[in-house]
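Chains, contacts and geometry: an overview
Chain by chain, the residues:
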Amino acid sequence: QIVTLGMLKCELLTSKARLFCCELSEDLSPQVVFFYRSVIDVCEVLAKKGKYKLIMDLIRVLPKERGQDRNTILNILAVELSKHCVSAGPKNQLESFDVVRMENGV
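Numbering of residues begins from 1 in every chain and follows the order in which that chain's sequence is written. Per-residue local features are limited, in this predicted model, to residues with pLDDT of at least 70; the limit for side-chain atom pairs, both in listing and counting, is 80 or more; totals at the level of whole chains, interfaces and linings are taken over all residues. Only hydrogens and water are removed before side-chain values are computed, so all heavy atoms of the structure are retained for them.

With that out of the way, let us pick up the environment of T72. In this text, helices come from DSSP runs of H or I with a minimum length of four residues, and strands from runs of E with a minimum of two, each type numbered from the N-terminal end. Within the secondary structure layout, T72 lies in helix α5 (residues 67–82). Sequence separation of T72 and E44 is 28 residues, and the distance between their C-alpha atoms is 9.8 Å. Here a polar contact is taken to be a pair of N or O atoms separated by no more than 3.5 Å, where protein atoms must pair a possible hydrogen donor with a possible acceptor and residues adjacent in sequence count only if both atoms sit in side chains. At 3.0 Å, the side chain of T72 forms a polar contact with the backbone oxygen of Q68.

If you want it as C-alpha cells, here you go:
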C-alpha cells in the first residue's frame with residue numbers, strides 16, 4: 001500500500017486527538033484511548049472539553065472513505081457548539097440554547 005501525505009496527516013492528527021483526550025479525561029487510561037476507543041469517541045470527549053479546532057482539523061484530513069465518521073463527528077461538534085448559543089429571553093435576559101429548547105418542548 002502506498003502511503004500518501006494525506007494518510008500521514010490523518011494519522012498524526014488522530015494521534016494528537018487521542019493524546020489530548022488522554023490528558024483531558026482522567027477516567028480513561030492511555031491504553032484504552034489509543035487501542036479501544038474510536039476516533040468518534042475521542043472527538044466526543046474533545047468536543048465536551050472545547051477542543052473544537054483540533055476536531056475541525058481532523059475532519060478536514062479524514063479520507064473520503066470515512067465520510068460516515070466525518071458526518072458523525074460534525075454532528076457531535078454541532079450539538080456541543082449549540083450548547084453555547086444564546087437567545088434573548090423574556091425581559092431581554094440571555095438564555096442558553098438548551099433553556100430555549102426546553103421551553104419550546106424540543
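We define a salt bridge as a side-chain nitrogen of Lys or Arg found within 4 Å of a carboxyl oxygen belonging to Asp or Glu. In total, this model carries four salt bridges according to the counting rule given. R60 is the partner of D57 in a salt bridge, and the nearest nitrogen-oxygen pair spans 2.7 Å. Placement of both D57 and R60 in helix α4 (residues 52–61) is noted, with a separation of three residues, approximately one turn of the helix. The buried label applies to any residue whose accessible area, calculated with a 1.4 Å probe on protein chains only, is under 20% of its type's maximum; exposed applies above 50%, and partly exposed to all values in between. For R60, a relative accessible area of 59% corresponds to the exposed category. One salt bridge in this structure joins D69 and R66, with 3.2 Å as the shortest N-O distance. Given the relative accessible area of 22%, D69 is considered partly exposed. Several salt bridges share partner residues, and in doing so they unite K53, D57 and R60 into one network.

Now for the packing of helix α1 (residues 5–24) against α4. The N-to-C vectors of α1 and α4 enclose an angle of 155 degrees; their axes lie 9 Å apart at closest approach. One finds that α1 runs roughly antiparallel with respect to α4. The element α1 and its partner α4 pack so that their crossing is left-handed. Touching G6, K9, C10, L13, T14, K16, A17 and F20 of α1 are L54, D57, L58 and V61, all from α4. For helices, the fitted axis covers only the stretch in contact; all axes are lines through C-alpha atoms, and the angles between them, taken along N-to-C directions, range from 0 to 180 degrees. Comment on the angle field: the value is read as roughly parallel under 35 degrees, roughly antiparallel over 145, roughly perpendicular from 65 to 115, and oblique elsewhere. Here is the rule for handedness: rotate from the far helix to the near one, and if that takes an anticlockwise turn smaller than a right angle the crossing is left-handed, while a clockwise turn gives right-handed. What makes two residues a contact is simply this: any of their non-hydrogen atoms within 4.5 Å.

This part takes up a nonpolar patch on the surface. Each patch is built from residues lacking any salt bridge and having more than 30% relative accessible area; the joining distance is 9 Å for like charges and 5 Å for nonpolar side chains (Val, Leu, Ile, Met, Phe, Trp, Tyr). Note on areas: Shrake-Rupley with a 1.4 Å probe; residue coverage comes only from the protein chains shown. There is a patch of nonpolar side chains on the surface, built from V3, L5, M7 and L8 and spanning about 380 Å² of accessible area. By the secondary structure assignment, V3 is in the segment before α1. Residue classification places V3 among the exposed positions, given a relative accessible area of 54%.

Attention now moves to α4. For an α-helix, the turn length of 3.6 residues means that residues three or four places apart are oriented alike. Within α4, burial applies to L54, I55, D57, L58, I59 and V61. Along its buried surface, α4 packs onto α1, α3 (39–48) and α5.

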